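Descriptive analysis of the structure
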Amino acid sequence: MRGYTKTPDQVHAIEDAFADGMSLRAVIRKFRVGTQTARNIRDGVHPLQNDEPIYERCPGCGGKVIMPCILCRVRKVMAEERTVKLIQKDRRQEVDTGQWR
């Protein structure tokens, strides 16, 4: 079983190897990492490559968050649930019970 990349130092060493022109297969053999891990590091999308998260202004709530904004997503879901409950409540009130007898 291959070893997992456990530290940012290992990730930076793999980045340096790619910068020096080492091939994907050579990096996999030398550092004993998986193919997908080596590809992620090469492409710059490995989670340990970004030391500091990037905060942005949310266009919805204006908060400084890591996108996508979870608060806006939760508010949207809650508003949709509230709308569904109101629609169901309105349907119950629209039933004309006078014609049932």
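Preceding block: the structure.
Residues numbered from 1 in each chain as written. Predicted model: local features only at pLDDT ≥ 70, side-chain atom pairs only at ≥ 80, totals over all residues. Heavy atoms only, no water.

1. Structural notes on helix α2 (residues 24-31)
Side chains of residues three or four places apart in an α-helix project in the same direction, reflecting 3.6 residues per turn. Turning to α2, its buried residues number three or more, namely L24, V27 and I28. Buried positions in α2, seen along its axis, are confined to an arc of 100 degrees and lie on one side of it. Pointing more than 90 degrees away from the buried face of α2 are the exposed residues R29 and K30. Of the residues trailing α2, R32 is marked for its positive phi of about 55 degrees. (Buried < 20%, exposed > 50% of the residue type's maximum accessible area, 1.4 Å probe, protein only. Helix = DSSP H or I, 4+ residues; strand = E, 2+ residues; numbered from the N terminus. Arc of directions from axis to C-beta.)

2. Some words on the pattern of salt bridges
Side chains that differ in charge, positive against negative, can pair when their charged atoms come close. The full count for this structure, using the stated rule, is 1 salt bridge. Between D43 and R42 there is a salt bridge, with the nearest N and O atoms lying 3.3 Å from each other. (Salt bridge = Lys/Arg side-chain N within 4 Å of Asp/Glu carboxyl O.)

3. Quick look at a nonpolar patch on the surface
Together, I70, V74 and M78 make up an exposed nonpolar region whose accessible area comes to about 280 Å². With respect to the helices, strands and loops of the structure, V74 is situated in helix α4 (residues 70-94). Looking at V74, the relative accessible area reads 40%, which means it is partly exposed. (Patch = residues over 30% accessible without salt bridge, like charges linked within 9 Å, V, L, I, M, F, W, Y side chains within 5 Å. Areas by Shrake-Rupley, 256 points an atom, 1.4 Å probe, with all protein chains shown as cover.)

4. Some details on the packing of α2 against helix α3 (residues 35-43)
Axis separation between α2 and α3 bottoms out at 10 Å; the angle between their running directions is 120 degrees. By crossing handedness, the relation of α2 to α3 is classed as right-handed. Each of L24, R25, V27 and I28 in α2 lies in contact with α3, whose residues at this interface are T35, A38, R39 and R42. Along the lines of polarity and charge, the residues of the contact of α2 with α3 split into 4 nonpolar, 1 polar and 3 charged. (Axes fitted to C-alpha atoms, helices over the stretch in contact; angles between N-to-C directions. Left-handed = near helix turned anticlockwise from the far one by under 90°. Contact = heavy atoms within 4.5 Å. Nonpolar A, V, L, I, M, F, W, Y, C, P; charged D, E, K, R; others polar.)

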